Amino acid sequence: MENSDSEIELAIGERLKALRASAGLTLDELSLRSGVSRAMISRIERAEASPTAALLARLCEGLGQSLSTFFAPDEPSSSPLSKKSEQRLWRDPTTGYLRRSVSPPGMPTPVDIVEVEFPAGARVSFPPREESRIMTQHVWLFEGELNMVLPDVTHRLMPGDCLFMDIGDAFEFHNPSDRPARYAVILNRGR
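Residues numbered from 1 in each chain as written. Predicted model: local features only at pLDDT ≥ 70, side-chain atom pairs only at ≥ 80, totals over all residues. Heavy atoms only, no water.

Trainee: Before we go on, may I ask you to explain the packing of helix α2 (residues 27-34) against helix α3 (residues 38-45) in this structure?
Mentor: Packed helix pairs are characterised by how far apart their axes lie and by the angle those axes make with each other. Put simply, α2 and α3 touch, their axes get as near as 9 Å, and they point 115° apart. In terms of orientation, α2 and α3 fall into the roughly perpendicular class. You can see that α2 and α3 cross each other, and the crossing is right-handed. In this structure, α2 uses L27, D28, L30, S31 and S34 to contact α3, whose residues at the interface are R38, I41, S42 and E45. (Axes fitted to C-alpha atoms, helices over the stretch in contact; angles between N-to-C directions. Helix = DSSP H or I, 4+ residues; strand = E, 2+ residues; numbered from the N terminus. Parallel < 35°, antiparallel > 145°, perpendicular 65-115°, else oblique. Left-handed = near helix turned anticlockwise from the far one by under 90°. Contact = heavy atoms within 4.5 Å.)

Below, the structure written as structure tokens:
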């Protein structure tokens, strides 16, 4: 179930602070690792700012995690079944894209599945990150259109198309149409 924006900001801030503390990182160290300013990290931790998808991904990479791991509960799941009604949702405050963590949390696998509803005309860019060179993803489009912009090529995905890619290089999701796109990202956190 989707929570209010203030509840989400508070939960994200608490989670970021807890993960940073468990990694033994200061604000300055996470800033250096992620490329996100110390002031912005502090504002997010105090629930005074909502991170964009790209910013949150950079923070996760600085913590050595994926977005899916960030949104997963700390305690292991007692069930290998992930009911839709219990899956965590997060809406990017800038683009409005809705991200659903589909995979059952706490399972002993390096694979995460995420469903995304991407608004018409939306664009999210991810900078190159050395920490992500061990990760790959499949982007499988169900509805709409999606351009995956990579450094040397742009792939135009139509319903049913699936693109495999490394995520250490810069890339961008772009919905060039006037209709929402719906797709799955199947992320493998290690080769």
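Trainee: What am I meant to see in the nonpolar core here?
Mentor: Side chains that are nonpolar tend, in soluble globular proteins, to be buried together. One finds F118, L146, M148, F173 and Y183 to be the most contacted residues of the largest nonpolar core, which totals 45 residues. The greatest single-element share of this core, amounting to seven residues, is contributed by helix α4 (residues 53-62). Beyond its immediate chain neighbours, meaning those up to four positions away, F118 contacts Y97, R123, V124, L146, F173, H174, N175, P180, A181 and Y183. (Core = buried A, V, L, I, M, F, W, Y, C linked by side-chain atoms within 4.5 Å. Buried < 20%, exposed > 50% of the residue type's maximum accessible area, 1.4 Å probe, protein only.)

Trainee: Which parts of the structure should I look at to understand the pattern of salt bridges?
Mentor: Oppositely charged side chains are able to pair whenever their charged atoms sit close together. Inspection of the entire model under this criterion finds eight salt bridges. E143 is the partner of R182 in a salt bridge, and the nearest nitrogen-oxygen pair spans 3.5 Å. One end of the pair, R182, is in strand β10 (residues 181-188); the other, E143, is in strand β5 (residues 136-143), and 39 residues separate them in sequence. Of the charged contacts in the structure, one is a salt bridge between E145 and R156, with a shortest N-O distance of 3.0 Å. In this pair, E145 sits in the loop between β5 and β6 (146-149) while R156 sits in strand β7 (residues 154-157), placing the two residues 11 residues apart along the sequence. Counted as one network, the salt bridges with shared partners bring together R100, E115, E143 and R182. (Salt bridge = Lys/Arg side-chain N within 4 Å of Asp/Glu carboxyl O.)

Trainee: Is there a simple way to think about the sheet that holds β5 in this case?
Mentor: Sheets are built from strands that pair by backbone hydrogen bonding, the pairs being arranged parallel or antiparallel. Taken in spatial order, the six strands make up an open sheet running β1-β2-β3-β10-β5-β8, and their pairing is antiparallel. The sheet terminates laterally at β1 (89-91) and β8 (162-166), the two strands that pair on one side only. Pairwise comparison of adjacent strand axes, ignoring direction, gives a mean angle of 20° for this sheet. For β1 and strand β2 (residues 98-101), the ladder comprises three bridges, and the chain directions are antiparallel. Its bridge partner lying in β2, W90 is registered against R99. (Pairing = 2+ DSSP bridges.)

Trainee: Mind showing me how you'd approach the packing of α2 against α4 here?
Mentor: Where α2 meets α4, the axes come as close as 8 Å, and the angle between the chain directions of the two elements is 110°. By the angle class used here, α2 and α4 are roughly perpendicular. Considering the relative orientation of α2 and α4, their crossing is right-handed. Of the residues in α4, those in contact with L30, R33 and S34 of α2 are R58, L59 and G62. Residues of the contact of α2 with α4, tallied by class, amount to two nonpolar, two polar and two charged. (Nonpolar A, V, L, I, M, F, W, Y, C, P; charged D, E, K, R; others polar.)

Trainee: Can you walk me through the environment of R43 in this structure?
Mentor: Following the sequence through the fold, R43 ends up in helix α3. Relative accessible area serves as the criterion here: at 35%, R43 is assigned to the partly exposed category. Considering only alpha carbons, one finds R43 and G13, 30 residues apart in sequence, at a separation of 8.3 Å. Leaving out residues up to four positions away in the same chain, R43 has contacts with E48 and A49.

Trainee: Looking at this model, I keep getting lost on α2. Mind explaining?
Mentor: An α-helical segment advances 3.6 residues per turn. Residues three or four places apart therefore align on the same side. Taken as a whole, α2 has its buried residues at L27, L30, S31 and S34. End-on view of α2: buried residues confined to an arc of 105°, all on one side of the axis. Two residues or fewer after α2 comes G35, characterised by a positive phi angle close to 80°. (Arc of directions from axis to C-beta.)

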